[in-house]
Amino acid sequence: MPTTSISTALGAGSGVDINALVSSLITAQFANQTRQLTTQSATITKQISGVSTLKSGITSFSSALTSLVKGGSLATAPTSSNSTILNVSALSGAKLAGLSASVEVRQLAAAQVATSAPRADPNASVGLGSFTLTLGTATVTNGAMTGFTAGSTAPVAIPITSGNSGLSGIARAINAAGAGVTATVLTDSAGSRLSIKGATGEAQAFTLTANEDPNSPGLAALNVGPNATTTTIGSVAKDAIIAVDGTALKRSTNSISDLITGVKLDLVSASVGTTVTIGTSAPTSALSQAVTNFVETFNQLNTSIKEQTDPVSGALRSDAAATGLQRQLRQLTLTPLTTGAPAGTPTTLAEIGVKTNRDGTLSVDATLLSSMLTKYPQAVEAMFADGKGASGNGLSSALTTISDAAVDTTTGLGASATRYTKAQGDVATSQSNLTDAETAATTRMTAQFAAMDARVAAYKSTQAFLTQQVAAWNTK
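Let us look at the structure shown here.

Here is what the cut-offs are and how they apply
Residues numbered from 1 in each chain as written. Predicted model: local features only at pLDDT ≥ 70, side-chain atom pairs only at ≥ 80, totals over all residues. Heavy atoms only, no water. Helix = DSSP H or I, 4+ residues; strand = E, 2+ residues; numbered from the N terminus. Rg over C-alpha atoms; globule rule 2.2 N^0.38 Å. Buried < 20%, exposed > 50% of the residue type's maximum accessible area, 1.4 Å probe, protein only. Contact = heavy atoms within 4.5 Å. Areas by Shrake-Rupley, 256 points an atom, 1.4 Å probe, with all protein chains shown as cover. Lys, Arg positive; Asp, Glu negative; His and termini not counted. Charge placed at Lys NZ, Arg CZ, Asp CG, Glu CD. Pairing = 2+ DSSP bridges. Axes fitted to C-alpha atoms, helices over the stretch in contact; angles between N-to-C directions. Parallel < 35°, antiparallel > 145°, perpendicular 65-115°, else oblique. Left-handed = near helix turned anticlockwise from the far one by under 90°. Salt bridge = Lys/Arg side-chain N within 4 Å of Asp/Glu carboxyl O. Phe/Tyr/Trp six-rings, centres within 6.5 Å; stacked < 30°, edge-to-face > 60°. Lys NZ or Arg CZ within 6 Å of the ring centre and 35° of its normal.

1. With respect to the overall build of the protein
Line of reasoning, step 1. When helices and strands are counted, the protein shows eight helices and 18 strands.
Line of reasoning, step 2. The C-alpha atoms of the protein give a radius of gyration of 44 Å, which is well past the 23 Å a tight globule of 476 residues would have.
Line of reasoning, step 3. Overall, the C-alpha framework of the protein stretches about 155 × 80 × 35 Å when taken along its three principal axes.
Line of reasoning, step 4. The buried share of the protein, reckoned over its 476 residues, is 36%.
Line of reasoning, step 5. When contacts within the protein are restricted to residue pairs at least 6 apart in sequence, those whose partners lie at least 24 apart make up 70%.
Line of reasoning, step 6. Entry remark: accessible area of the protein is about 24,800 Å², with carbon and sulfur atoms responsible for 53%.
Line of reasoning, step 7. Charged side chains in the protein number 28 positive and 26 negative. The centres of these two groups are separated by 8 Å.

Structure representation (structure tokens):
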């Protein structure tokens, strides 16, 4: 790059380019500090980025495994031999190994449904007053209620005023009362009907009794009960009847969670005389795939950690939290994930075929894994079980412990992030201070050289005058 010689530069007074001179001197004076701060800033930026990468990697790994475990696909699941009659599912935390039961669905639970006679206009007033809705058990013959015994639940009063005295308004009033029934208005070519449906279960039958306003009668036409003459019982309130291993039992709903330990039964249809067998299915394929996916994700995270902690080029090579994370992950395959297992039962990932390679990556011994899943399916399942339900920590809990320690704001990567962010702020402050110092030095030097230039200009002026005078003297 061409340079300007001080001796040949054009300018007032001394002929020196003062701005260029000052700029060169300032650059030379502050170059070392500027370079150091720029290098520090770049290094800290890489450290902050590295910390963010590792925090994201370990938390995502842990969260994904936790979601997989909680999703239930890695746990032994109940099976039904006839899903058109009975569906089954596992309750949270259930241990179902060895489950065997036979179920006969003799009757589905049903809700009482009462429907009024049709009326031409759903908005026309039926009458004023109130209804009393009472829950209990009922006897129904050919669509008519012939008997009713009130239950222990207190009756509910439902006021019917001029603003809600039509079928639509009465339906809204019943629903707003929260009495345990639901009212709707059904309309076809014959007119509109008030339909009221209760909850399933024999004890959820109901009566609806009008308390009419003498000045505006008519509500009794919607009565539901033994004395009702215009209301039809289209569905009778019934309990479900299920025979479990030959013992007949009743429940008020078709979704039952308290008959077979750890299993939810959903009754689909009644089939007297047909026995549905309930067993279990081990998640062999799902567990095998989970092990493979775990190893692949581990290796991806391990690559990031090795890059960040490389002793030569790693941004976090001196970060204790990063190297600690690497050390904890390497110990994971040897960490017992269950306790109290019989001798010879696998309790670690290494024992089921997860091998640690010389470079720190993991690989799967497919033959050993398949053998362990065949011989010890419950033990392998326990390793992947939720920690709260397992006899030990479980892999998910073990990885969560590592993740929590890694992002800890006191000793983990969270603390590193805080430290690096502060350091970055300190460098930014130093850079700002250096800029201020450069500005002040530039101003000071420019003023000094300007004063010098003015003096040189004066000397040159004096010199020119004296030269003229000497010349004049010599001509005389």
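2. Quick word on the environment of Gly72
Line of reasoning, step 1. Note on placement: Gly72 falls in the loop between helix H1 (18–70) and strand S1 (77–80).
Line of reasoning, step 2. You can call Gly72 partly exposed: its relative accessible area is 34%.
Line of reasoning, step 3. Sequence-wise, Gly72 and Ala423 are 351 residues apart; in three dimensions their C-alpha atoms are separated by 45 Å.

3. Topic: the sheet that holds strand S13 (residues 247–251)
Line of reasoning, step 1. Within the open sheet, the five strands sit side by side as S1-S16-S3-S12-S13. Their pairing is antiparallel. Strands at the two margins of the open sheet, each flanked by one partner only, are S1 and S13. Taken over all neighbouring pairs, the strand axes of this sheet differ in orientation by 30° on average, direction set aside.
Line of reasoning, step 2. Two elements, strand S3 (residues 101–107) and strand S16 (residues 276–281), share three bridges in a ladder whose sense is antiparallel.

4. Regarding the packing of helix H3 (residues 284–308) against helix H4 (residues 320–331)
Line of reasoning, step 1. Close contact between H3 and H4 brings their axes to 10 Å; oriented N to C, the two are set at 150°. On the basis of their axis angle, the class for H3 and H4 is roughly antiparallel. Here H3 and H4 pass one another in a crossing that is left-handed. Contacts from Phe298, Leu301, Ile305 and Lys306 in H3 reach Ala322, Leu325, Gln326 and Leu329 in H4.

5. Side note on the pattern of salt bridges
Line of reasoning, step 1. Counted under the stated rule, the structure contains six salt bridges.
Line of reasoning, step 2. Arg193 serves as the salt-bridge partner of Asp188, at 3.0 Å between the closest nitrogen and oxygen.
Line of reasoning, step 3. Between Arg251 and Asp258 there is a salt bridge, and its shortest N-O distance comes to 3.0 Å.

6. What to know about the packing of aromatic side chains
Line of reasoning, step 1. Using the criterion set out here, one finds two aromatic pairs in the structure.
Line of reasoning, step 2. Seen from their ring centres, Phe61 and Phe294 are 5.2 Å apart, and the 35° between their planes marks the pair as tilted. With Phe61 in helix H1 and Phe294 in helix H3, this pair connects stretches of sequence that are 233 residues apart. You'll find Phe61 and Phe294 in the same group, each marked buried.
Line of reasoning, step 3. Three or more aromatic residues joined by ring pairs form one cluster here, namely Phe61, Phe294 and Phe298.
Line of reasoning, step 4. A cation over a ring is seen here: Arg419 above Tyr420, with NZ or CZ 5.1 Å from the ring centre.

7. A few points about the environment of Ala341
Line of reasoning, step 1. Mapping Ala341 onto the fold places it in the loop between H4 and strand S17 (354–356).
Line of reasoning, step 2. As a C-alpha pair, Ala341 and Ala379 span 38 residues in sequence and 7.9 Å in three-dimensional space.

8. Digging into unusual backbone geometry
Note: most peptide bonds trans; most residues except glycine with negative phi.
Line of reasoning, step 1. At Asn142, a residue that is not glycine, the phi angle is positive and equals roughly 50°.
Line of reasoning, step 2. Along the polypeptide, Asn142 turns up in the loop between strand S5 (129–141) and strand S6 (144–150).
Line of reasoning, step 3. Positive phi is not limited to glycine here, since Asp245 has a value of about 50°.
Line of reasoning, step 4. Along the chain, the position of Asp245 falls in the loop between strand S12 (240–244) and S13.

9. Let's talk about the pairing of S5
In summary, the side chains of a regular strand alternate between the two faces of the sheet.
Line of reasoning, step 1. With five bridges connecting them, S5 and strand S7 (residues 156–160) associate as antiparallel partners. Each residue of the ladder has a partner; that of Leu133, found in S7, is Val156.
Line of reasoning, step 2. By the bridge criterion, eight bridges tie S5 to strand S10 (residues 205–212) in an arrangement that is antiparallel. Within the sheet, the bridge partner assigned to Gly129 lies in S10 and is Glu212.
Line of reasoning, step 3. Of the strand pairs in this sheet, S5 and S6 are connected by six bridges, and their pairing is antiparallel. Counterpart to Thr141 in the pairing with S6 is Ala144.
Line of reasoning, step 4. What sits between the antiparallel neighbours S5 and S6 is a turn of two residues, in which Asn142 has the positive phi angle 50°.

10. Looking at the sheet that holds strand S4 (residues 111–115)
Line of reasoning, step 1. In spatial order, the strands read S8-S9-S4-S11; together these four strands make up an open sheet with antiparallel pairing. Of all strands in the sheet, those bounded by a partner on one side alone are strand S8 (182–188) and strand S11 (232–235). The average angle at which neighbouring strand axes cross in this sheet is 30°, direction not considered.
Line of reasoning, step 2. Of the pairings in the sheet, the one linking S4 to S11 comprises three bridges and is antiparallel in character. Bridging from a neighbouring strand, Thr115 pairs with Thr232 of S11.
Line of reasoning, step 3. Helix-sheet contacts for helix H2 (residues 167–177) involve S8 and strand S9 (191–200), and the interaxial angle to S8 is about 160°.

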